[in-house]
Amino acid sequence: MRVVSGICKGRPLKAVPGTGTRPTTDKVKESIFNMIGPYFEGGLVLDLFAGSGGLGIEALSRGMDKAIFVDRDFKANQTVKANLELCKFSDRAEVYKNDSERALKALVKREMTFDLIFLDPPYKKQKLVEILEEIHKYRLLNDMGYIVCEHGHDVTLPEKVGDFTVKRKEVYGVIAVTIYQWGNVHEQGEL
């Protein structure tokens, strides 16, 4: 596992010890960023089920200004912090040990909004639609932002969740990626 591109290209990343997390492969990571970027001119990213932090760190390497990492597992948080140190991104990141519901509520209280949100919960415990509904309800995604959902290939997410619309779906073996944006993004650009 490594940083695929950007200012930390090629830098190896540590995996979370044990079998409780499943890191996004470099191939899938590269494909995701080719669909949504591949590079950014600033912005704020939320890695809600951070694991090793590979997706959020990749976003920082490709130009995002700051990242918020959330994982309820202590070992995952320690791994994220170690990987941030390896990439010299510690000053551009916040790492929290929390579950997704409490984390979203805390972000709402802080009045934060994001340009990019990664949702990669454990496959057996996914509540992606409910999480998308919360993000929509509290307007945590900026108008031109993306929500990237990683899930099992056998899971089909709805085409619309509130005003979020699927912009792209891809399957990579047993992994699938579904990308959402606000449904009216293209209309806004035509005004």
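Our structure is the block above this text.
Calculation rules
- Residues numbered from 1 in each chain as written.
- Predicted model: local features only at pLDDT ≥ 70, side-chain atom pairs only at ≥ 80, totals over all residues.
- Heavy atoms only, no water.
- Helix = DSSP H or I, 4+ residues; strand = E, 2+ residues; numbered from the N terminus.
- Buried < 20%, exposed > 50% of the residue type's maximum accessible area, 1.4 Å probe, protein only.
- Salt bridge = Lys/Arg side-chain N within 4 Å of Asp/Glu carboxyl O.
- Core = buried A, V, L, I, M, F, W, Y, C linked by side-chain atoms within 4.5 Å.
- Contact = heavy atoms within 4.5 Å.

J.: If you had to explain unusual backbone geometry to someone new, which residues and values would you point to?
T.: With omega at 5°, the peptide bond leading from glycine 37 into proline 38 counts as cis. Mapped onto the elements, proline 38 comes out in the loop between α1 (26-36) and β1 (44-47). In this structure, lysine 88 takes a positive phi of about 60° despite not being glycine. Within the secondary structure layout, lysine 88 lies in the loop between α3 (74-86) and β3 (93-97). By relative accessible area, lysine 88 is classed as exposed at 66%. Unlike most non-glycine residues, glutamate 111 shows phi in positive territory, near 55°. Within the secondary structure, glutamate 111 sits in the loop between α4 (100-109) and β4 (114-119).

J.: How would you summarise the pattern of salt bridges if you had to cite specific residues and measurements?
T.: One pass over the full model with this rule turns up 9 salt bridges. A salt bridge links arginine 2 to aspartate 26, with the nearest nitrogen and oxygen atoms 3.4 Å apart. In this pair, arginine 2 is assigned in the segment before α1 and aspartate 26 in helix α1, connecting sequence segments 24 residues apart. Residue glutamate 58 pairs with arginine 62 through a salt bridge whose shortest N-O separation is 2.7 Å. Neither glutamate 58 nor arginine 62 differs from the other in exposure class; each is buried. One continuous salt-bridge network, built from bridges that share partners, spans Arg2, Asp26 and Lys29.

J.: Now, about the nonpolar core: what can you tell me, with residues and values included?
T.: In a soluble, globular protein the nonpolar side chains are often hidden away together inside. One finds Ile32, Phe33, Ile36, Phe69, Leu84, Leu116 and Phe118 to be the most contacted residues of the largest nonpolar core, which totals 30 residues. Of all the secondary structure elements, the ones that give two or more residues to this core are α1, α2 (54-61), β2 (66-71), α3, β3, β4 and β8 (175-182). The element that contributes the greatest number of residues to this core is α1, accounting for 5 residues. Not counting the four nearest positions on each side in its chain, isoleucine 36 is found in contact with Leu116, Tyr146, Val148 and Ile179. By size, the runner-up hydrophobic cluster in this structure holds 27 residues, among which are Leu44, Leu119, Val161 and Val166.

J.: With reference to specific residues and values, describe α1.
T.: Structurally, the α-helix is built with 3.6 residues per turn, so residues lying three or four positions apart point the same way. Buried residues dominate α1, accounting for 8 of its 11 residues. Residues Asp26, Val28, Lys29, Ser31, Ile32, Phe33, Met35 and Ile36 constitute the buried set of α1. Among the structural elements, α2, β4, β5 (141-152), β7 (164-172) and β8 are those in contact with the buried residues of α1.

Function-wise, these values are silent; they only describe arrangement.
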